[in-house]
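Read off the chains here:
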Amino acid sequence: MLPVLAGQARTVAHRYADGCPCGASVTLADRADATVVRHAGTVAKAHAPDTDPAALTVRLRAAVHLPGVLLPPLRPAPVALHGRLVTFWPYGAPVDPDTPDAAPWEAVATLVARLHRAPVPAGPAALPPMRGPAKAARAVTRLRAQAPGHRAAHPVLRAWATLPVWARAEGPMPGSATLCHGDLHLGQLVRHPAPEGPWLLIDVDDLGTGVPAWDLARPAAWFACGLLPPEEWTRFLTAYRVAGGPAVPAQGDPWPALDVPARALTVQTAALAVAKANVAGRPLDEVEQALVDACDRMSLLPPQLTHGPAK
């Protein structure tokens, strides 16, 4: 797949770039659910084999119509290539993982607030539900398949069982009038044009309508688990509120809105961590164990009784 995808990226780069500075194509990701190749200023992404072409197309159109929030694709529709759907994007400079103190929390919070306030497309452009709960459910399925007897699997599954059906993708989400990213984290942020352009959100695979608090859930979960410093969480939450984000109240306690999504993201992250560690035959590291411990605490207290970060 990689050589063919690289060839496609090169072809599109030559078509859209003014004097493509040709060089080797670079593999940015090669996973079962996504293969991503960059050639000069063009990125080609092969999506998961089970990707719905109609859903992906309306998600691409949404990105086109939200400039300044989402990175727009180079083409408004995917193309089929060796049984995979491929989309093409301009290259953007990602967040530097080696400088965590410079993480652009205010930028990502402001962008997601703008996304949540954007008009929801209707008619033929209507978006499907955002896929956050479905991704969490898939992580739990992977845990059950790859680490069924692991001691850390039990608290993760107990915490999963306490969640409401919508958070486990077993029922409709409450309310569906908000546009959501569905998989928000700092890796979904790039500067375009690179390297000093404005920050934009990327990855529309999970974009859709649903519960906006889900987009705040990953940093909320990391804060609740003690993995994100309070100062950084406060920067993120404050910037989201200043930008008018509707997922939490403008003032007061945000946790009644955040609790269930944060729990679900904690379970999702812990499930993937335990599954990967078991397959690799290694013990859990400190961060992974902290996530499992958080699941253990969550399983002892129903979600509706929690109004703050786990201690």
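Coordinates for the structure precede this section.
Remember, predicted model here, so these are calculated numbers, not experimental data.

Reading the values: the criteria
- Residues numbered from 1 in each chain as written.
- Predicted model: local features only at pLDDT ≥ 70, side-chain atom pairs only at ≥ 80, totals over all residues.
- Heavy atoms only, no water.
- Pairing = 2+ DSSP bridges.
- Helix = DSSP H or I, 4+ residues; strand = E, 2+ residues; numbered from the N terminus.
- Axes fitted to C-alpha atoms, helices over the stretch in contact; angles between N-to-C directions.
- Buried < 20%, exposed > 50% of the residue type's maximum accessible area, 1.4 Å probe, protein only.
- Phe/Tyr/Trp six-rings, centres within 6.5 Å; stacked < 30°, edge-to-face > 60°.
- Lys NZ or Arg CZ within 6 Å of the ring centre and 35° of its normal.

(A) Expanded view of the sheet that holds strand E5 (residues 84–90). Taken together, the five strands give an open sheet; going across it, the order is E1-E2-E3-E5-E4, and neighbouring strands pair in antiparallel fashion. With partners counted over all chains shown, the strands left at the sheet margins are strand E1 (26–30) and strand E4 (79–81), one partner each. For this sheet, the mean angle separating the axes of adjacent strands, direction not counted, is 25°. Pairing of strand E2 (residues 34–39) with strand E3 (residues 42–47) involves six bridges; the strand directions are antiparallel. Its bridge partner being in E3, Ala34 is matched across the sheet by His47.

(B) Molecular detail of unusual backbone geometry. Across the junction of His192 and Pro193, the peptide omega takes the value 0°, indicating a cis bond. Along the chain, Ala194 connects to Pro195 via a cis peptide bond; the corresponding omega equals 0°. With respect to the helices and strands, Pro195 occurs in the loop between strand E8 (189–191) and strand E9 (199–201). One non-glycine residue, Ala40, adopts positive backbone phi at about 55°. Relative to the elements of secondary structure, Ala40 occurs in the loop between E2 and E3. Of note, Asp203 is a non-glycine position whose phi angle comes to about 70°, a positive value. Locating Asp203 in the fold gives a position in the loop between E9 and strand E10 (208–209). Asp203 sits in the buried class, given a relative accessible area of 19%.

(C) Quick peek at the sheet that holds strand E6 (residues 93–94). On the basis of which strands lie adjacent, the open sheet formed by three strands has the order E6-E8-E9 and antiparallel pairing. Each having just a single partner strand, E6 and E9 make up the two edges of the open sheet. Pairing of E8 with E9 involves three bridges; the strand directions are antiparallel. Counted as the bridge partner of Leu189 is Leu201 from E9.

(D) Structural view of the packing of aromatic side chains. Under the defined criterion, the tally for this structure stands at six aromatic pairs. The interplanar angle of 10° and the centroid separation of 5.7 Å between the aromatic rings of Phe223 and Trp233 together place this pair among those described as stacked. Of this pair, Phe223 sits in helix H6 (residues 217–224) while Trp233 sits in helix H7 (residues 230–242), placing them ten residues apart in sequence. A relative accessible area of 18% means that Phe223 is categorised as buried. The class for Trp233 is buried, based on a relative accessible area of 4%. Geometrically, the ring pair formed by Trp233 and Trp255 is tilted, given 6.0 Å between the ring centres and 40° between the ring planes. Highlighted residues: Trp233 in helix H7 and Trp255 in helix H8 (residues 255–280), separated in sequence by 22 residues. Stacked on the ring of Tyr91, the Lys or Arg Arg38 has its end atom at 3.5 Å from the ring centre.

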